[in-house]
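Fold and contact review
Each chain is listed here by its residues.
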Amino acid sequence: MATIADNWDSFVSEWCLDVPPASGQDYAVRALTALERHLPEYLARTLGSGAKGIGVMFWPLQIGTTLADTEDLAGFAPVVARARRRERSALSELSFAAKLTRAGLRPWLEAEVGGKKLDIGVDTDGGAVYMEVVAPDRSDMDKDAHDRV
């Protein structure tokens with residue numbers, strides 16, 4: 001996937017079934033390159049599933065963009081390590097940090113406060129603000145429905 005920039009037409013044809021991502025080539029290349037660099041197992045699962053289409057590529061593009069937008073933040077490595085272990089909360093934390101970054105802030109992850117680690121910290125004009133991100137568990141019924149789809 002790292003060669004998507006060189007093989008854009010093939011990527012769109014084979015993996016997106018001739019429907020290019022609306023966000024464009026530069027966005028997709030950046031996202032999938034970051035995904036391959038930080039969560040290659042996720043990309044491998046997606047590509048190995050045999051499913052294709054722009055809908056299948058939506059989540060890899062989303063997660064890849066989140067990784068690209070947060071990879072330079074302090075505390076990124078331990079959160080990605082948790083994401084590799086499939087801790088859902090790790091991706092939620094990265095997603096929220098990416099949104100803060102896109103808003104022009106410079107958050108940090110794994111913020112230490114009073115001997116405890118909180119998910120995110122960010123400096124504001126009034127001082128540091130610390131946040132915990134919650135990724136609620138899905139019900140068994142929701143998980144079953146997702147698996148059937």
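Structure: above.
All of the points below concern the structure found in this document. (Residues numbered from 1 in each chain as written. Predicted model: local features only at pLDDT ≥ 70, side-chain atom pairs only at ≥ 80, totals over all residues. Heavy atoms only, no water.)

1. Describing the overall build of the protein chain
For clarity, the threshold we go by: Going along the chain from the N terminus, every DSSP run of H or I of four or more residues is numbered as a helix, and every run of E of two or more is numbered as a strand. Using a 1.4 Å probe on the protein chains alone, a residue whose accessible area is under 20% of its type maximum counts as buried, one over 50% counts as exposed, and one in between counts as partly exposed. Throughout, a contact is declared for two residues whenever any of their heavy atoms are within 4.5 Å.
A tally of helices and strands in the protein chain yields seven helices and three strands. Going from N to C terminus, the protein chain has its helices and strands arranged as α-α-α-α-α-α-β-β-β-α. For the protein chain, the spread of C-alpha atoms along the three principal axes comes to 50 × 40 × 20 Å. Here the protein chain holds 149 residues, and the buried ones make up 36% of them. In the protein chain, the proportion of contacts linking residues at least 24 apart, taken out of those at least 6 apart, comes to 55%.

2. Side note on the sheet that holds strand 3 (residues 127–131)
This is how it is decided: Here the rule is simple: two strands pair whenever DSSP picks up at least two bridges between them. The angle between two axes is taken between their N-to-C directions and runs from 0 to 180 degrees, where each axis is a line fitted to C-alpha atoms and a helix contributes only its stretch in contact.
The strand order 1-2-3 describes an open sheet built from three strands, whose pairing is antiparallel. Because the sheet does not close on itself, it has two edges, and the strands there are strand 1 (108–113) and strand 3. Adjacent strand axes in the sheet meet at a mean angle of 55°, parallel and antiparallel pairs treated alike. In the sheet, strand 1 pairs with strand 2 (residues 116–124) via five bridges, with the strands oriented antiparallel. The residue bridging E112 from the neighbouring strand is K117, located in strand 2. The sheet contacts of helix 6 (residues 88–102) involve strand 1, strand 2 and strand 3, and relative to strand 2 the element is tilted by about 10°.

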